[in-house]
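Each chain, written out:
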Amino acid sequence: MQNTQFKDIQFSLGNDEAGKQIEAALLTSLSNDLPQSTNVSFVLTAKNLAGELIGGLTASTSYGWFLVKVVWVKDDFRGCGIGRALMDKAEEKARNSECHSLWLDTSNPEAKRFYDSLGFTVFGELHNKPDQYPPEHSRWFMKKELESFSHSAI
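Residues numbered from 1 in each chain as written. Predicted model: local features only at pLDDT ≥ 70, side-chain atom pairs only at ≥ 80, totals over all residues. Heavy atoms only, no water.

Novice: Can you explain the layout of surface pockets? Please cite residues and give values.
Specialist: As a volume, the largest pocket reaches approximately 540 Å³. Of all the secondary structure elements, the ones that give two or more residues to the lining of the largest pocket are β3 (65-73), α2 (82-96), β4 (101-106) and α3 (109-117). For the lining of the largest pocket, the element with the highest residue contribution is β3, accounting for six residues. Estimated volume of the second largest pocket: approximately 370 Å³. In this structure, the second largest pocket is lined by Glu23, Leu27, Asn39, Val40, Ser41, Ser60, Thr61, Ser62, Trp65, Leu67, Lys69 and Trp103. Class assignment for the residues of the lining of the second largest pocket results in five nonpolar, five polar and two charged. (1 Å grid on protein atoms, 1.4 Å probe; cavity = no way out; pocket = protein on both sides within 12 Å on 5 of 7 lines; lining within 4 Å. Points joined across faces, edges and corners; volume = space filled by probe spheres on them. Helix = DSSP H or I, 4+ residues; strand = E, 2+ residues; numbered from the N terminus. Nonpolar A, V, L, I, M, F, W, Y, C, P; charged D, E, K, R; others polar.)

So this is what it looks like as structure tokens:
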């Protein structure tokens, strides 16, 4: 469509349902144009004996990469190994999904140190200048190759 006038187009903010439709349309378009691998989304949860959610992780796979989207541990349970256990389970899921590497991003320096300790390395950084808000803020993009991964022919 080459009409640059946008006479018959309305632009507006959408909702979660519109976001899902947009993502599905993009994935369909990509699958028509590029070789695909299995794309899977999933959620890991950590609950105490009372069934209370105390931590969790959301992730998805794409093109052999395992994207860790969100990792959260309730404040009272930080430093107890729950985050490490969630990440260990994520690595296991990545291997089982035939992913060769994991990646994530964080803007929390404490979380960056945590991911550093798990063997993640920075492959990109967005850094605010002193006159930008928030000043000196960084967002790190990190990756980790999985050891002993071998792709089996299908």
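Continuing now.
Novice: With reference to specific residues and values, describe the sheet that holds strand β5 (residues 121-127).
Specialist: The strand order across the open sheet built from six strands is β1-β2-β3-β4-β6-β5, with neighbouring strands paired in mixed fashion. In this open sheet, the two strands that pair with only one neighbour each are β1 (41-47) and β5. Strand-to-strand twist of the sheet, defined as the mean angle between neighbouring strand axes without regard to direction, takes the value 20 degrees. Here eight bridges tie strand β2 (residues 53-62) to β3, and the two strands are oriented antiparallel to one another. Bridging from a neighbouring strand, Ser60 pairs with Leu67 of β3. Most of the contacts of α3 go to strand β6 (residues 138-145), to which it runs at about 15 degrees, and overall it touches β3, β4, β5 and β6. (Pairing = 2+ DSSP bridges. Axes fitted to C-alpha atoms, helices over the stretch in contact; angles between N-to-C directions. Contact = heavy atoms within 4.5 Å.)

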